[in-house]
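Results of the structural survey
Residue strings, one per chain:
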Amino acid sequence: MDVNKRIEELKIVPVVVLQDADDALPLAEALIKGGLPLAEVTFRTEAAEESIRRISGRFPEMLVGAGTVSSVEQAVRAVDAGAEFLVSAGFQTDIIEFAQKKGVPVFPGVCTPTELMLLAKHGLQVAKFFPAEQYGGLKTIRALSGPFPQMRFMPTGGINAGNIKAYLEEPKVIACGGSWMVKDSLIREKKFDEIRRLTAEAVALVRD
């Protein structure tokens, strides 16, 4: 499977924080039923590794990756658990080199020309632009696209139902990361029907 192509087809990357691995499968099922078989499970919690393992084992049709990866040790654990892509908040050479050695797509977080030059040096052509809204959003993406015409972006940070369509209309944007349909509170309160509803609304919004 071409992970980049699949992410671009789905347009939204739900950024998920799971405190309890027992919530992983009902969450994945809600996303799938909502029409979005994709999740970036952040490695901010102890439950992340097991959550990825359960989702990848139970729902092979779902594209699941690891987010907020901050060390090679985390990257190893994520890939061993079944993560099909890695996302980091910033640029870290050893994580990129590990991912490339393993043949796993990696999306490092960037927001400056210097970081984009480093990405290009490693042969990467898609970057996570983070935090998107705080660093100028579409205006900055368009400005960066001038000197880096080969680069495309997956903006994350401040993306919501009110602005995602504007981002996706930009040809340099492959997809957007967002968490409004998978808010931490909804997961903690086990409101998976609400997550499914919000996901379906988000999918309909970006496909109009």
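Here the structure is a predicted model, which is why all the values come from computation and not from measurement.

In this section: the nonpolar core. With 75 residues, the main nonpolar core has I7, L27 and L86 as its most contacted residues. The greatest single-element share of this core, amounting to six residues, is contributed by helix α10 (residues 192-207). Apart from residues lying up to four places away in sequence, I7 is in contact with V13, L38, L63, F107, M154, I174 and A175.

Another point: the packing of aromatic side chains. Across all of its chains, the model carries two aromatic pairs by this definition. Ring centres of F85 and F107 lie 6.1 Å apart, and the angle between their planes is 70 degrees; this geometry places the pair in the edge-to-face category. Pair noted here: F85 is in the loop between α4 (72-81) and β4 (86-87) and F107 is in strand β5 (residues 106-107), with a separation of 22 residues, a long-range link. For the pair F85 and F107, one class covers both residues: buried. For the ring pair F129 and F153, a centre distance of 6.3 Å and an interplane angle of 75 degrees mean the geometry is edge-to-face.

For the rest of this paragraph, the subject is the pairing of strand β7 (residues 126-129). Every second residue of β7 is oriented toward a common face, with V126 and K128 on one face and A127 and F129 on the other, all of them buried. One ladder, built from two bridges, connects strand β6 (residues 109-110) with β7; its direction is parallel. By the bridge assignment, G109 is partnered in β7 with K128. Taken together, β6, helix α6 (residues 113-121) and β7 form a β-α-β motif whose crossover is right-handed. As judged from the four bridges shared by β7 and strand β8 (residues 152-155), these two strands associate in the parallel manner. In the sheet register, F129 faces β8, and the bridge partner there is P155. In this fold, β7 hands off to helix α7 (residues 137-145), which returns the chain to β8; that crossover is right-handed.

A few words now on the state of the cysteines. Tallying each qualifying case throughout the model produces zero disulfides. Summary of cysteine pairing: C111 is not part of a disulfide, and the nearest cysteine sulfur, belonging to C176, is at 17 Å. For C176, a relative accessible area of 0% puts it in the buried group.

Further remarks concern helix α2 (residues 24-33). Among all positions in α2, only A24, L27, A28, A30 and L31 are buried. On an axial view of α2, the arc spanned by its buried residues comes to 160 degrees, and they lie on one face. Turning to α2, the residues buried within the fold contact β1 (12-16), β2 (38-42), α3 (48-58), α9 (184-188) and α10. One or two steps after α2, the chain reaches G35, where phi turns positive at roughly 95 degrees.

The subject of this paragraph is the packing of α2 against α10. Where α2 contacts α10, the axes come no closer than 8 Å and their chain directions differ by 30 degrees. Overall, the two elements α2 and α10 adopt an arrangement that is roughly parallel. Remark: the crossing between α2 and α10 carries right-handed chirality. On α10, the residues touching P26, L27, A30, L31 and K33 of α2 are F192, I195, R196 and T199. Split into classes, the residues belonging to the contact of α2 with α10 amount to six nonpolar, one polar and two charged.

Attention now goes to the pattern of salt bridges. Using the criterion set out here, one finds 14 salt bridges in the structure. For K33, the salt bridge is made with E29, and the minimal N-O distance between the two is 3.5 Å. In this pair, K33 and E29 both sit in helix α2, four residues apart, roughly one turn of the helix. One salt bridge in this structure joins E49 and R53, with 3.4 Å as the shortest N-O distance. One end of the pair is E49 and the other is R53, both in helix α3 and four residues apart, which spans about a single turn. You can call R53 partly exposed: its relative accessible area is 35%. Each of the salt bridges in this network shares a partner with another, and the network as a whole consists of D22, E49, E50, R53, R54, E73 and R77.

Conventions and cut-offs
- Sequence order as written defines the numbering, with residues in each chain counted from 1.
- In view of the model being predicted, local features appear only for residues whose pLDDT reaches at least 70, and side-chain atom pairs are presented and counted only at 80 or more, with totals across whole chains, interfaces and linings using the full set of residues.
- In computing side-chain values, all of the structure's heavy atoms are included and hydrogens and water are not.
- Side-chain atoms within 4.5 Å are what join buried Ala, Val, Leu, Ile, Met, Phe, Trp, Tyr and Cys residues into a set we call a nonpolar core.
- Whether a residue is buried, partly exposed or exposed follows from its accessible area with a 1.4 Å probe, protein chains only, as a fraction of its type maximum: under 20%, in between, or over 50%, in that order.
- Secondary structure counts use DSSP, requiring at least four H or I residues in a row for a helix and at least two E residues in a row for a strand, with both numbered from the N terminus.
- Contacts are assigned to residue pairs that have any heavy atoms within 4.5 Å of one another.
- Here a pair means two rings of Phe, Tyr or Trp (six-membered ring of Trp) with centres within 6.5 Å. Their orientation is stacked below 30 degrees between planes, edge-to-face above 60, and tilted elsewhere.
- We treat two strands as partners when DSSP finds at least two bridges between them.
- A clockwise path from the first strand over the helix to the second, with the strands pointing away from the viewer, defines a right-handed crossover.
- Sulfur atoms of two cysteines make up a disulfide when they are within 2.5 Å.
- Regarding the arc, it is the one traced by the directions from the helix axis to the C-beta atoms.
- Between the N-to-C directions of two axes lies an angle of 0 to 180 degrees, each axis being a line fitted to C-alpha atoms and, for a helix, fitted only over the stretch in contact.
- Just so you know how the angles are binned, under 35 degrees is roughly parallel, over 145 roughly antiparallel, 65 to 115 roughly perpendicular, and the rest oblique.
- For any helix crossing, the convention is left-handed if the near helix is rotated counterclockwise from the far helix by under a right angle, and right-handed if that rotation is clockwise.
- Here the nonpolar group is Ala, Val, Leu, Ile, Met, Phe, Trp, Tyr, Cys and Pro; Asp, Glu, Lys and Arg are the charged ones; every other residue, Gly included, is treated as polar.
- Counted as salt bridges are all cases of a side-chain nitrogen of Lys or Arg within 4 Å of a carboxyl oxygen of Asp or Glu.

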